[in-house]
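# Coordinate analysis (summary)
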Amino acid sequence: MSALPHEPSSEASSDPYEFEFAQGPQTLAELRTALAEIRPELLTAFNARLDAATFGWDHDEVIAKARRTVAFKKRAAEAAAEAAAQEEAAGAQRVDDPWAHLDVRDSTP
C-alpha cells in the first residue's frame, strides 16, 4: 500500500543528501547538545547565527542548516561504524599504511 502525499514514505530514499523531518534533533536544546558533541565551535557559530537571524525565514534557515549538519554527521558516523563492523566480520586486518614495510626495508643499509 502506498503512502498518501502527506504521509512519510516507507521506502528508504536513495538520495544520500536527503533526510526525513523526524531525523535529527527536534528541539533547540537537542540541537545544541548534538552540535556541542560534534564540535564546540559549531555550537558557538550556531548560537551567533541564531542571535543574528531575524524571526521568520532567516531563523528557520539557520535551524534547518544546523539540523542537516547534525543529521549528515550522524549518518556518516553510522556508515563508518557499519563499514568497520563488516570489515571486522570479514576478518580483514586493519593497516594504517600498506607501504610502511617498504619504507623500513629501503632505509636499511
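Up top is the structure.
For the structure given in this document, a descriptive report is provided here. For clarity, every value in this text was computed on a predicted model and none was experimentally measured.

Here we come to the nonpolar core. If you look at the biggest cluster of nonpolar residues, it comprises twelve residues: Leu 31, Ala 34, Leu 35, Leu 42, Leu 43, Phe 46, Leu 50, Ala 53, Val 62, Ile 63, Ala 66 and Val 70. At the level of elements, helix H1 (28–38), helix H2 (40–52) and helix H3 (57–89) are the ones that each hand at least two residues to this core. In this structure, Leu 43 is in contact with Arg 32, Leu 35 and Ala 36, ignoring residues within four places of it in sequence.

Further remarks concern the pattern of salt bridges. Applying the stated rule across the entire model yields two salt bridges. The partner of Arg 39 in a salt bridge is Glu 41, with the nearest N and O atoms 3.3 Å apart. Judged by relative accessible area, Arg 39 falls into the partly exposed class, the value being 42%. Of the charged contacts in the structure, one is a salt bridge between Glu 61 and Arg 68, with a shortest N-O distance of 3.4 Å. Given the relative accessible area of 31%, Arg 68 is considered partly exposed.

If you check which residues of H1 are buried, you get Leu 31, Ala 34 and Leu 35. Across the axial projection of H1, the buried residues extend over an arc of 100 degrees, all falling on one side. Turned more than 90 degrees off the buried face of H1, the exposed positions are Ala 29 and Glu 37.

A few words on the packing of H1 against H2. Axis separation between H1 and H2 bottoms out at 5 Å; the angle between their running directions is 140 degrees. For the element pair H1 / H2, the angle class is oblique. Along its contact with H1, which presents Leu 28, Leu 31, Arg 32, Leu 35, Ala 36 and Ile 38, the element H2 presents Pro 40, Leu 42, Leu 43, Phe 46, Asn 47 and Leu 50. For the contact of H1 with H2, the residue count by class is ten nonpolar, one polar and one charged.

About the thresholds
- Residues numbered from 1 in each chain as written.
- Predicted model: local features only at pLDDT ≥ 70, side-chain atom pairs only at ≥ 80, totals over all residues.
- Heavy atoms only, no water.
- Core = buried A, V, L, I, M, F, W, Y, C linked by side-chain atoms within 4.5 Å.
- Buried < 20%, exposed > 50% of the residue type's maximum accessible area, 1.4 Å probe, protein only.
- Helix = DSSP H or I, 4+ residues; strand = E, 2+ residues; numbered from the N terminus.
- Contact = heavy atoms within 4.5 Å.
- Salt bridge = Lys/Arg side-chain N within 4 Å of Asp/Glu carboxyl O.
- Arc of directions from axis to C-beta.
- Axes fitted to C-alpha atoms, helices over the stretch in contact; angles between N-to-C directions.
- Parallel < 35°, antiparallel > 145°, perpendicular 65-115°, else oblique.
- Nonpolar A, V, L, I, M, F, W, Y, C, P; charged D, E, K, R; others polar.

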